[in-house]
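Here is what each chain is made of, one letter per residue.
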Amino acid sequence: MRQSFDDISAQLRARHRRSARLKWASMGALGLAGLFLVLFFADMLVKGLPAFQQAQIQVEVDYSEQASQIPLAAVQEDVRPLVSRGYLRLIPGRMEDNPDLLGTTRMEWVLADGQVDQYLKGHHAKLSNKEMAVVDRLKEDGRAELRFNSTFFSSGDSKMPELAGIASAAMGTVLTLLVTLAVAFPIGVMTAVYLEEFAPDNRFTQLIEININNLAAIPSILFGLLGLAIFINFFGVPRSSPVVGGLTLALMTLPVIIIATRTALRSVPDSIRHAAFGVGCSRWQMVRDHVLPVALPGIMTGSIIGLAQAMGETAPLIIVGMVAFIPDVTNSFTEAATVLPAQIFTWAGEPDRAFIEKTSGGILVLLSILITLNATAVVLRKKFERRW
């Protein structure tokens, strides 16, 4: 049955309407996703930026014999509740390191208590009316203000929010990723080279490929259970250490590096392989001297993305105990340590409101690092990528 021109036109108009609806639905979904992303970053900025400022007050510090025994005696009674207890605990040590301080009285800017910090930032604070009046008087006299919070980047974890920082978690993250890179990168690249360039195409290698693809998709917490069973319970690797954390993340990162490396190797034209064979190269010489250098940008890009993914993981590291309270910065691969995601997770469970700022500030730092790593991967790919 032949259709008339009007019927065909009606069908075309219906198709165009469906295409337009699909187009607008897709644009709406994209806009909604972008809106959620903007709201997320705006919320993190509003909550996290105050973490990079910390209240300090100027007080008279009396370095007396009594202060060396009772640090509270070093400051006047009316401002004593406003000064951080962590700062007061440092006074005896400062007097031991510098005996010239003994018997002197100095006006110094000192770290304020966390409640004072919240009060100066306009939040609800657990201060008495008398203490608020003292803070207001100090602020009017220019002796109480918000300054850059260097403690956030130079100190480790603390139960006092004004002293809590990310230094120990950052060092733990670096050590853990070094172990991950040292284990996952060479093993992943060599595995991919073997499967792509040397392994025969049989059921055994096909089974290996299927399992590698499956490992890249399983929940990360299962790698934590695997690391707990193998590295801690069987091999006796120290719990909560960067070694066990790095090895666990290496298991999780291996499939990503293998898949990325195989993709990079497949992108190398066969003409390069044939040319290498034509001048008398062995298969290994062909891979080492011709294929790998050409595929290296793709391999590096996939490895950086894999490490960035590992850096943001929390669940597997919780299983192997890397949520320890680490007040001091450590540079050992075998001592207890924590990482930035686990530190953020710990702060998120603290009841003190000041830790909300620390949590959001830590998220901003982590996001900045992750964005930098992903941007580096994109730049390397664009700079060294060859099109055939």
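Scroll up a little and you will see the structure.
The rules we used
- Residues numbered from 1 in each chain as written.
- Predicted model: local features only at pLDDT ≥ 70, side-chain atom pairs only at ≥ 80, totals over all residues.
- Heavy atoms only, no water.
- Pairing = 2+ DSSP bridges.
- Helix = DSSP H or I, 4+ residues; strand = E, 2+ residues; numbered from the N terminus.
- Axes fitted to C-alpha atoms, helices over the stretch in contact; angles between N-to-C directions.
- Contact = heavy atoms within 4.5 Å.
- Core = buried A, V, L, I, M, F, W, Y, C linked by side-chain atoms within 4.5 Å.
- Buried < 20%, exposed > 50% of the residue type's maximum accessible area, 1.4 Å probe, protein only.
- Salt bridge = Lys/Arg side-chain N within 4 Å of Asp/Glu carboxyl O.

S.K.: Account for the pairing of strand 1 (residues 53–63), naming residues and giving values.
M.R.: Two strands pair when backbone bridges link them, and strand 1 and strand 3 (residues 144–148) are joined in this way by five bridges, in the antiparallel orientation. Each bridged residue has a counterpart across the sheet, and for Gln56 the counterpart in strand 3 is Glu145. The sheet contact formed by strand 1 and strand 2 (residues 104–111) spans eight bridges and is antiparallel. If you follow Glu60 over to strand 2, its bridge partner there is Met107.

S.K.: Before we move on, can you summarise the sheet that holds strand 3 with the specific residues and values?
M.R.: Strand order in this open sheet of three strands is 2-1-3, and the pairing throughout is antiparallel. One side of each edge strand has no neighbouring strand; the edge strands of this open sheet are strand 2 and strand 3. Mean inter-strand twist for the sheet, computed between neighbouring axes without regard to direction, equals 35 degrees. Helix 3 (residues 85–97) contacts strand 1 and strand 2 of the sheet and is inclined by roughly 45 degrees relative to strand 1.

S.K.: So, the nonpolar core: which residues are in play, and what are the values?
M.R.: Core analysis: the largest hydrophobic core is formed by 26 residues, its most contacted members being Ile57, Val59, Val61, Tyr87 and Ile91. For this core, the secondary structure elements donating two or more residues are strand 1, helix 3, helix 4 (114–120) and helix 5 (129–140). With five residues, strand 1 is the largest single contributor of residues to this core. Residue contacts for Ile91: discarding those within four places in its chain leaves Val61, Tyr63, Pro71 and Ala74. Judged by nonpolar contacts, the second largest core, of 18 residues, contains Val189, Leu265, Val287 and Ile299.

S.K.: Pulling in residues and values, what's your account of the pattern of salt bridges?
M.R.: Enumeration over the complete set of coordinates arrives at 13 salt bridges. The shortest N-O distance in the salt bridge between Glu350 and Lys159 comes to 3.8 Å. Linking Glu350 in the loop between helix 14 (340–348) and helix 15 (354–384) with Lys159 in the loop between helix 6 (151–154) and helix 7 (167–198), this pair joins segments that are 191 residues apart in sequence. For Glu350, a relative accessible area of 24% translates into the label partly exposed. By relative accessible area, which is 59% here, Lys159 ends up exposed. Notably, a salt bridge pairs Arg266 with Glu196, separated by 3.2 Å at the nearest N-O pair. You can see Arg266 sitting in helix 10 (residues 242–266) and its partner Glu196 sitting in helix 7, a full 70 residues away along the chain. Look at Arg266 and you get exposed, because its relative accessible area is 52%. Several salt bridges converge on common partners, so that one network encompasses Glu196, Glu209, Arg262 and Arg266.

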